[in-house]
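Examination of the molecular architecture
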Amino acid sequence: MMPKTFFLSLALLLGACGSSAAGHSDSAQTQSDSIAPAPKAEEITLLFVGDAMQHQAQLDQAKIRGGASGRYDYSQCFDLIAPEIQEADYAVVNLEVPLGGGPVYRGYPCFSAPDSFAESLRDAGFDLFLTSNNHCLDSGMKAARRTLSALDSIGVDHIGTYHDATRRLEQVPFVKDINGFKIGFLNYTYGTNGIEPRDGMEVALIDRERMAKEIAATREAGAEIVVVTVHWGVEYVLTQNKNQEALAKFLLDQGTDLVIGGHPHVIQPMMTVDNEKTGKKSLVVYSLGNFISNMKTADTRGGALVRAVIGRDSEGKPVFKEANYDTFLSAKPTGKSDNYRVIPSWMKDSIPAAQREHWNLFNRGAEKIFNQYNVDVPRKHKQ
């Protein structure tokens with residue numbers, strides 16, 4: 001697997017000038033440097049996590065850690081899981097909070113978080129931020145648009161909400177060249193908590209006709225693999241419903257290769273399926289649960305990440321090859337100097353003693369669902 005940052009090979013081509021004294025001219029000999037095309041990777045790994053939340057207690061703790069600087073400090077939140085995120089070729093997170101710009105930030109029910117939260121996610125290794133979710137308009141249209149400008153300013157990709165209809169037409173399709181693989185990404189939500197987009201603000205909603213057109217346009221724009229991320233399902237329910245299944249089938253019928261879901265705040269099954277439209281395998285993930293939050297019930301205390309390996313078939317064409325998952329706990333602070341922290345399953349010894357039973361309850365529940373319903377999506381790290 002190639003790392004996110006790699007160097008192009010440099011081929012030095014020498015000019016074919018004569019070297020004899022008799023044939024030497026006054027003009028200097030020249031040599032031409034040319035950059036050879038980057039070798040295409042044989043495979044890449046895409047990594048996905050669920051909902052990045054900011055409840056009031058998280059905001060309060062980040063402010064305490066920031067101290068006199070006035071900055072909200074999230075430096076500890078992702079340090080243990082960051083190496084795994086950075087190992088992927090491209091990593092995706094659902095940003096389920098607007099970046100309202102302050103000076104006051106809010107938790108549930110109408111979220112607004114500081115820019116430093118998004119910066120910490122970027123520094124952990126996330127490349128693409130999903131913004132189409134039921135909380136994207138919590139702080140109004142100005143904050144929704146500011147979120148997009150803030151993400152631009154920190155240098156990350158983002159999809160799902162747009163300044164206006166013109167920008168949406170300009171920015172969709174979104175096709176990313178990832179180490180020689182052209183991957184198209186789309187993002188949709190079931191709704192926005194009853195807050196209607198106003199003043200031209202665009203939110204990509206679940207609309208089958210629009211989705212079909214944008215998937216087709218993404219293929220036409222050169223995408224070799226199409227990923228559709230969807231905010232759907234019923235909160236706190238550990239299995240998908242018929243509506244999710246029907247929409248997943250619809251997306252597969254449009255030729256989608258990966259369907260990645262979120263919103264329920266708990267994990268739901270993930271499966272490799274035969275895609276009748278493409279004649280190849282596709283991946284459906286119904287929910288990855290929370291990535292980081294202050295939720296309290298056992299099933300909401302953690303989440304899952306999924307890695308999708310994209311390779312090449314016998315003709316060299318990109319295909320989805322396989323997927324695997326791991327789980328993690330969103331640990332709460334144990335003191336004033338601590339912060340919320342995502343602790344992966346393979347580092348469970350780092351879980352504070354007082355929270356190990358929370359981990360056990362979450363993980364047992366998740367494993368029960370995955371063992372019963374997952375299809376060809378195994379755990380990667382042994383526990």
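Preceding this section is the structure that the text describes.
Rules behind the numbers
Residues numbered from 1 in each chain as written. Predicted model: local features only at pLDDT ≥ 70, side-chain atom pairs only at ≥ 80, totals over all residues. Heavy atoms only, no water. Helix = DSSP H or I, 4+ residues; strand = E, 2+ residues; numbered from the N terminus. Buried < 20%, exposed > 50% of the residue type's maximum accessible area, 1.4 Å probe, protein only. Contact = heavy atoms within 4.5 Å. Areas by Shrake-Rupley, 256 points an atom, 1.4 Å probe, with all protein chains shown as cover. Phe/Tyr/Trp six-rings, centres within 6.5 Å; stacked < 30°, edge-to-face > 60°. Lys NZ or Arg CZ within 6 Å of the ring centre and 35° of its normal. 1 Å grid on protein atoms, 1.4 Å probe; cavity = no way out; pocket = protein on both sides within 12 Å on 5 of 7 lines; lining within 4 Å. Points joined across faces, edges and corners; volume = space filled by probe spheres on them. Nonpolar A, V, L, I, M, F, W, Y, C, P; charged D, E, K, R; others polar. Arc of directions from axis to C-beta. Polar contact = N/O pair within 3.5 Å; in protein donor to acceptor, adjacent residues only side chain to side chain. Core = buried A, V, L, I, M, F, W, Y, C linked by side-chain atoms within 4.5 Å.

Right, let's talk about the overall build of the chain for a bit. Tallying secondary structure elements over the chain gives eight helices and 18 strands in all. The proportion of buried residues among the 383 residues of the chain is 53%. Summarising the internal contacts of the chain: among those between residues at least 6 apart in sequence, 73% fall at separations of at least 24. For the chain, the exposed area adds up to about 17000 Å²; of that, 51% sits on carbon and sulfur atoms.

Moving on: the packing of aromatic side chains. Throughout the structure, instances matching the rule amount to eleven aromatic pairs. Note on Tyr 325 and Phe 370: the rings are 4.5 Å apart at their centroids and 50 degrees apart in plane angle, and the pair reads as tilted. Of this pair, Tyr 325 sits in strand S17 (residues 318–331) while Phe 370 is found in helix H8 (residues 356–373), placing the two residues 45 residues apart along the sequence. Taking the centre distance of 6.0 Å and the plane angle of 45 degrees together, the rings of Trp 359 and Phe 362 count as tilted. Within this pair, Trp 359 and its partner Phe 362 are both found in helix H8, separated by three residues, close to a single helical turn. By the ring-pair criterion, three or more aromatic residues cluster together here, those being Phe 78, Phe 126, Phe 291 and Phe 328. Over the ring of Phe 181 we find Arg 312; its NZ or CZ atom is 4.1 Å from the centre of that ring.

What follows deals with the layout of surface pockets. Put simply, the largest pocket is a space of about 210 Å³. Ala 248, Lys 249, Leu 252, Val 273 and Asp 274 are the residues nearest the centre of the largest pocket, which is lined by 13 residues in total. Counting residues per element, the ones that place at least two in the lining of the largest pocket are helix H7 (242–253), strand S13 (267–275) and strand S14 (280–288). Considering each element in turn, the lining of the largest pocket owes the most residues, five residues, to H7. Residue composition of the lining of the largest pocket, grouped by class: six nonpolar, two polar and five charged.

Attention shifts here to helix H1 (residues 56–66). Residues of H1 that are buried: Gln 58, Leu 59, Gln 61, Ala 62 and Gly 66. Looking straight down H1, one finds its buried side chains confined to an arc of 165 degrees; they lie on one side. Buried-residue contacts for H1 involve strand S15 (290–292). Of the residues flanking the end of H1, it is Gly 67, one or two places downstream, whose phi is positive at about 60 degrees.

Glancing now at the side chain of His 55. Of note, His 55 is situated in the loop between strand S3 (44–52) and H1. Only 3.1 Å separates the side chain of His 55 from the backbone nitrogen of Asn 294, close enough to count as a polar contact. If we ignore the near neighbours within four places in the chain, the residues touching His 55 are Gly 107, Tyr 108, Phe 111, Ser 293, Asn 294 and Met 295.

Among the nonpolar cores identified, the biggest contains 63 residues, and Leu 46, Phe 48, Phe 185, Leu 258 and Leu 283 are the most heavily contacted of them. Each residue touching Leu 258, except ones within four places of it in the same chain, is listed here: Leu 46, Phe 48, Ile 225, Val 226, Val 227, Val 228, Leu 283, Ala 308, Ile 310 and Phe 320. Listed in part, the 38 residues of the second largest apolar core include Ala 52, Ile 85, Ala 91 and Ile 154.

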